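Each chain is listed here by its residues.
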Amino acid sequence: MSDAVLEVEDLRVHYLTRFGTRVQAVDGVSFSLKEGEILGIAGESGCGKTTLVSGCMGLYIPPLHHTSGDVRIAGKSIIGMSLEQNRKEVLGRRISMIPQGALNSLNPTRKIKDLATDMILSHDESADKRDIYERLRERFERIGLDAAHVLNAYPVQLPAGTKQRVVIGISTLLNPKVVVADEPTSALDVSTQKAVIRLLFDLMDQGIIASMLFITHELPLLRHVSSRIAVMYAGEIVELGTTEQVIFDPRQPYTKALMGSMLSAEPGQRDRKPVAIEGAPPNLAVPIKGCRFAERCPSVRPDCKETKQVIRLVAGREVRCQYAS
Amino acid sequence: MFRGLLKSPAFVVGAGLFLLTILVALFAPLFMNVDTQTRVGLAYMPPSSEHWLGTDHLGIDMVSLLIAGLRASLHVGFLAGIVATIVGTLIGVYGGYKGGLIDDVLTVATNLFLVIPSLIVLILLSSSLDEGRSLSLIALIIGCTTWTWSARAVRAQSASLRGRDHVSLARINGYGTFGIVTLHILPYLLSYIFMVFILQTATGILSEASISMLGLGPYDSVSLGKILNEAIRNEALTDGAWWAFVPAMVLVTIIAFALYVINTAMEGVFNPRLRK
Amino acid sequence: MQAEPYKFEARNLSRVFRNGKKTTVAVDNVSFTIKDREIVSLVGQSGCGKTVLAKMLLRLETPTSGELSFNGRPIGAERDPRDHWRQVQAVFQDPFSAFNQFFTIRSQLKSSFHLFKEKPSPREMEERVDQALLAVNIKPKEIEGKYPFELSGGQMQRMLLARIFILRPQVLIADEPTSMVDACSRANILDYLMKLKEELKMTIVFVTHDIGLAYYVSDSIFIMHQGKIVEQGPPDRVTQHPESEWTRQLLDDIPDIHRDWIQRGPPKSAVEPAAGTIAETA
């Protein structure tokens, strides 16, 4: 267990809508991330993966609230910290995020070097500015950027691929134990995407990133990036296993449907009819009694809507379905 | 969207002030005797408990004059605002949607009007009309010379909507320019046009105050600008009769200020990029 | 006997945008043919020109040079574009932006009848709208009196398809019809499109960045890059034996389930954090 860099234990996170309704976006998620591993979180929009990210980082800013459960990074819990404490000790240093739409997360009115310096100073006020610049230069060169040019530029002057590298560079300056990449390449074209993933692998190999949580809805990407995959649906993990298990031998009905719906340009795929499921995920503002996928499940049985589904071990991986075999 | 406006303190202050002046203008006559004809005292009597702001050069109650003037100025402002907004919107939305040659021609026309100093036109038109100068006519003249701002503002918005998917869909449903502009562009611009109208009204009030101050205002009615004009002509300030000039000036300034503040607040809400 | 004209034929077709000093060549001298009842996909990354080309097929953009004909006659020859739209229609990527937010969805479906030369009677219009809704598995009651924002993404997507059932065109231009749809619902949309194709004997032109989708549905794939068509051909040939370097690069860069994607070397030695004075307490 001491191998685990990030442990999430029965985490439940909710947010309050404008009208005061409580939406349980993450409802009992548990997993652990080992050092040196990339764990993929797969799911579609609305499944709770983005809320899970905020939860793992301790970013419980209203309307987002922590309901119950624990999050531990390198053994120390981050639940219950004030935001101030969280910002100082946790964010950027123990756990860092590469956000979705990273291209817009850079403050357009400041030079890259100033943004990076601010990041460092917010964790260590006593750091020497010149020393910082040297280290920034060294780190940026290491990640394949023309440091002198990039550091002195404004975000708007840089192309999309370079900006993505800069964001990754700044997020990993302090060698965080856990890096959370939330759809880091969805807005990029395929060639840039490949380059960014290569960069992430490189950073892992160099020890700059110890372990990574990779969140995406693109399954083929996870096939190549992660060693284990957790599939989320309606705020819960429905299947968690190795990449081989989840992609090639899914056991839970939603995972099966998701894998079956993939369209790829590989020979033989034209004869395969992709799986289609009617309906939409359930409304999480309303407490759900039984299985959340029961409404749409092609193998639903009469008691699925009544019995709450718990995680079981099936064929060497975790599955949330009482009838999976 | 309007909830956002109510959250902005600037909007609440501006709207509040403006609403107050409108209420006073509309309802004051119900509570007090607004009499702009009767001499109630000597010329330039200072403020007293009977006549809160004294009398003018003819001995008429200043408060009555101010209320009547306020009503007239608001009348001109709103009418001019309506005219300018309608003209400007029609030209702007059409040019913005069509683009190309039509847009170029309309833009040139707009720029021409922009370059001609509207005050000069107003002065020329007003002086040639002499006795025919009614409040409504003045409002019309102001409206027809100050629409250029609306045209440019609406044009930009219309052009940005041109490429939207729902407009493309309407086109492939066979709708022509008129149908698309009325059904698919104007509804999306309604709140913007309202904001434009507020600004045009402010312009109207100020324009009226300017030309009336120069003595080219309405022939028969009282207006805030006319009050100022009379005060200047009868040397009220040198006589020390500040009450004949200052309150009218303050009223004009308050109205203009309120309307500009409302406009800024609305810009902030409708144009999120400005918010930061 | 003369062969039937192509559904679409393009010869040296270009579309250039001039904005002050800046000139952008969106579509660069392309030539191709699309046959009746064929399913063709225009595939490429964003900015490659596929959307502008699709708009030209749809007569929403005019070529700056070259020829583009439909059923043997140049597009734009007829003054009234409605003749073209009676035969060529489209579904768009984002169903919420494709409809006006101020009118009910049913009234907007009815507004499609505006295109007809002879408008059917009000009762027939209502019937046809109902039939179109049922064809996409929506009960008319479900959308009664509702505005677009009151419906789900899946329902709105089907509204775009219902409109096609009402209009019954010969050609459908489908612009990224599944990119904003859940993976599990994607196949449903494709099913409806195939159902439409069979029933109306349509020719379909897909515009997409997803080569997997193009591979699955198409009879012919056009790969576009920087305004040019760099590769044309049947899906198997294009994906297994690409002739253009760009296509090879593209296929290489796309992560697939079965093929290898990135080679990973052995781990390198550890690197100091960029701010060395920070001590990490384990």
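Remember, predicted model here, so these are calculated numbers, not experimental data.

Rules used in this analysis
Just so you know, the residues in each chain are numbered from 1, in the order the chain's sequence is written. Here every chain gets a letter starting at A, and every ligand a number starting at 1, in the order they are written. Totals for whole chains, interfaces and linings use every residue, but because this is a predicted model, local features are given only for residues with pLDDT of at least 70 and side-chain atom pairs only at 80 or more, for both listing and counting. Pairing between strands requires that DSSP locate at least two bridges from one strand to the other. Helix and strand definitions follow DSSP, with helices as H or I runs of at least four residues and strands as E runs of at least two, each counted in order from the N terminus. The axes are straight lines fitted to the C-alpha atoms, using for helices just the contacting stretch, and the angles between their N-to-C directions are given from 0 to 180°. An angle below 35 degrees is treated as roughly parallel, one above 145 as roughly antiparallel, one from 65 to 115 as roughly perpendicular, and anything else as oblique. By convention the crossing between two helices is left-handed if the near helix lies anticlockwise of the far one by an angle smaller than a right angle, and right-handed if it lies clockwise. Here, residue contact means that the backbone-derived C-beta atoms of the two residues sit within 7 Å. Residues are sorted three ways: Asp, Glu, Lys and Arg are charged, Ala, Val, Leu, Ile, Met, Phe, Trp, Tyr, Cys and Pro are nonpolar, and all the rest, Gly among them, are polar. Think of it as a crowd count around each C-beta: if 20 or more other C-beta atoms lie within 10 Å the residue is buried, if 12 or fewer it is exposed, and in between it is partly exposed, with C-beta placed from the backbone throughout. Note on handedness: a crossover is taken as right-handed if, strands pointing away from the viewer, the path from the first strand over the helix to the second is clockwise.

*Asks:* Can you break down the sheet that holds strand S9 (residues 220-225) of chain C residue by residue, with the values?
*Replies:* All names here are of chain C. If you walk across this open sheet you meet the six strands as S6-S7-S8-S3-S9-S10, and the pairing is mixed. Unpaired on one side and paired on the other, strand S6 (88-91) and strand S10 (228-233) mark the two borders of the sheet. With direction set aside, neighbouring strand axes in the sheet form an average angle of 20°. Of the strand pairs in this sheet, strand S7 (residues 171-175) and strand S8 (residues 203-208) are connected by five bridges, and their pairing is parallel.

*Asks:* So what's going on with the packing of helix H7 (residues 190-205) of chain A against helix H10 (residues 245-253) of chain C? Residues and values would help.
*Replies:* In contact at an axis separation of 9 Å, H7(A) and H10(C) are set at 45° when each is read in the N-to-C sense. Considering their axes alone, H7(A) and H10(C) lie oblique with respect to each other. For the element pair H7(A) and H10(C), the recorded crossing hand is left-handed. Contacts between H7(A) and H10(C) involve A:Val190, A:Ser191 and A:Lys194 from the former and C:Gln249, C:Leu250 and C:Asp253 from the latter. Classifying every residue of the contact of H7(A) with H10(C) by side-chain character gives two nonpolar, two polar and two charged.

*Asks:* Kindly report on the pairing of strand S1 (residues 8-19) of chain C, identifying the contributing residues and their values.
*Replies:* For a regular strand, the rule is simple: side chains alternate between the two faces of the sheet. Residues and elements named next belong to chain C. Across nine bridges, S1 lies against strand S2 (residues 22-34) in antiparallel orientation. Bridge pairing in S2 links Arg18 to Thr23. The hairpin formed by S1 and S2 contains two residues between the paired strands, and Gly20 there has a positive phi angle of roughly 65°. Relative to strand S4 (residues 65-70), S1 is paired through five bridges, and the arrangement is antiparallel. In the strand pairing of S4, Glu9 is matched with Ser69.

*Asks:* Tell me about the interface of chain C and chain B, and name the residues and values.
*Replies:* With 17 residues of chain C at the interface, the matching set in chain B holds 13 residues. Sorting the residues of the side of chain C that touches chain B by element identifies helix H2 (81-85), S6 and helix H3 (95-98) of chain C as the ones contributing at least two each. Of the residues that constitute the side of chain C that touches chain B, the class distribution is nine nonpolar, six polar and two charged.

*Asks:* Got a sec to walk through the interface of chain C and chain A? Specific residues and values, please.
*Replies:* How big an interface is tends to be reported as the loss of accessible area on association of its parts. Each partner contributes residues to the interface: chain C has 44 residues there, and chain A has 49 residues. Among the secondary structure elements, those contributing two or more residues to the side of chain C that touches chain A are helix H7 (183-200), helix H8 (211-217), helix H9 (235-240) and H10 of chain C. The leading source of residues in the side of chain C that touches chain A is H7(C), at seven residues. Taken together, the residues of the side of chain C that touches chain A break down into 22 nonpolar, 14 polar and eight charged.

*Asks:* I'd like a description of the packing of helix H3 (residues 62-98) of chain B against helix H9 (residues 177-213) of chain B, backed by residues and values.
*Replies:* Between H3(B) and H9(B), whose axes approach to 6 Å, the crossing angle comes to 145°. The handedness of the crossing between H3(B) and H9(B) is right-handed.

*Asks:* Quick one: what's the story with the pairing of strand S7 (residues 178-182) of chain A, residue by residue and with numbers?
*Replies:* All names here are of chain A. S7 sits mainly inside the fold: five of its five residues count as buried. Side chains of S7 alternate between two faces, with Val178, Val180 and Asp182 and Val179 and Ala181 buried alike. Pairing geometry for S7 and strand S8 (residues 211-216), over five bridges, is parallel. For Val179, the partnering residue across the bridge sits in S8 and is Met212. Read from S7 through H7 to S8, the crossover connection turns out right-handed.

*Asks:* Break down the sheet that holds S1(C) for me, with residues and values.
*Replies:* Hydrogen bonding along the main chain pairs the strands of a sheet, whether they run parallel or antiparallel. All names here are of chain C. Taken together, four strands build an open sheet; the order of strands is S2-S1-S4-S5 and the sheet is antiparallel. Strand pairing shows two members of the sheet lacking a second neighbour, S2 and strand S5 (73-74), which therefore form its edges. Helix H1 (residues 50-57) contacts S1, S2 and S4 of the sheet and is inclined by roughly 60° relative to S2.

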